[in-house]
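What follows is each chain in one-letter form.
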Amino acid sequence: MKQKIMAVVILVFCLGFYLPAQQNPPKITLVPVAGPVYVLQGGGGNIGIVADPAGIFMIDAMMEPVIGQIREAIKVQPGGERVRVLVNTHWHSDHTDGNKALGPGAVIIAHENVRTLLAKDQTLMGGQTKALPANALPGVTFSDKLTVYAGGEAIRLVHFPHAHTDGDTVVFLDGLKVVHMGDMFFNGMFPFLDVANGGDIDGWVRQLDIILGALPADTKIIPGHGPLAGIADLKAFRDMLAASADLVRKQMKAGKTMDEIKAAGVPDNLAAWAKGFLKAPQWLELVYRSLEKGADR
Ligand SMILES: [Zn+2]
């Protein structure tokens, strides 16, 4: 039964804000970030774009049915008639399903673990994600980091292992003080944590500490989900992850079961994070499963 509930949660999560286009198309909005960088919101994980006369550099691809709206929204930008390079920050379908529409015309870049997962059918907590066709798979992969040049900027792709998944890429535009965090950052809400594919609550906190230690104080941060953010928002998210891990770990050490920990819930300072995909019990279950797996690693 719990598996079934989680499967529903994951399906809702994986589809993000997507609704079938013929019923009620989500509204896609294009928000300026800095210089040639914009964020597209409303049809899945946030997309970042860097306008370039040679063609758009795009970070994440939302869902296939909204790609028509995406093309419409970006066509007024320099190079906006063509998506030339697409980065997948991780494998989840609300960030990669749009590869099916964009892949035939773009070079897709991703961490090597992302390509491996996208090339095969995946079952995630009972939900199914079909393997992508060959022309929608990343054509370029990397293991640690890669620099791509577009829009007059050196764009650094860096892999951060064992965080939201084990294939998370963060995209740094140092010259503009902009960063796209992928799903390593859900702004203002409890995130999904893909324990089955190498996600790890403690690793996630450690990786965010590394990132926060390197970013200038006035950095503009594009989260995987939620509105455009600043350093204080990312720090608050990091602190919520750490507090959640401590909360669950203490109870595990005291011999509490997962059900008891879920029933005990979260203190008031964490309750405000339950306004997104996940409510507190679902989030506590993910944290529990991560700590349980971490303990026997
Ligand atoms: Zn994700």
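Structure's up top.
A short tour of the structure in this document, coming up. Keep in mind that this is a model prediction, so the values were computed, not measured.

Ideal geometry at a metal centre gives angles of 109.5 degrees when four donors are arranged tetrahedrally and 90 or 180 degrees when six donors are arranged octahedrally. Taken together, His90 (NE2), His92 (ND1), His164 (NE2) and Asp183 (OD) make up the protein donors of the zinc ion, found 2.1 to 2.2 Å from the metal. Classification of the site at the zinc ion rests on its four donor atoms, whose angles at the metal span 89 to 169 degrees, yielding the label irregular. For the zinc ion, the single-chain donor residues occur in sequence as H-x1-H-x71-H-x18-D. Here His164 is found in the loop between strand 11 (153-160) and strand 12 (168-173), whereas its partner Asp183 is found in the loop between strand 13 (178-180) and helix 6 (201-214), with 19 residues between them in sequence. Here His164 matches Asp183 in class, with each residue buried.

The strand order across the open sheet built from seven strands is 1-2-3-4-5-6-9, with neighbouring strands paired in mixed fashion. Both outer strands of the open sheet, strand 1 (29-34) and strand 9 (140-142), are each paired with one neighbouring strand and no more. Along the sheet, successive strands turn relative to each other by an average axial angle of 20 degrees, direction set aside.

What follows is about the sheet that holds strand 14 (residues 220-222). Spatially, five strands are ordered 10-11-12-13-14 in an open sheet, and the strand pairing comes out mixed. Two strands lie at the open edges of the sheet, namely strand 10 (145-150) and strand 14, each paired on one side alone. Across the sheet, the mean angle from the axis of one strand to that of its neighbour is 20 degrees, orientation sign disregarded.

About the thresholds
Residues numbered from 1 in each chain as written. Predicted model: local features only at pLDDT ≥ 70, side-chain atom pairs only at ≥ 80, totals over all residues. Heavy atoms only, no water. Donors = N, O, S within 2.8 Å, 3.2 Å for Na, K, Ca; no water. Tetrahedral: all angles 85-135°; square planar, octahedral: opposite > 155°, others 65-115°. Helix = DSSP H or I, 4+ residues; strand = E, 2+ residues; numbered from the N terminus. Buried < 20%, exposed > 50% of the residue type's maximum accessible area, 1.4 Å probe, protein only. Pairing = 2+ DSSP bridges. Axes fitted to C-alpha atoms, helices over the stretch in contact; angles between N-to-C directions.

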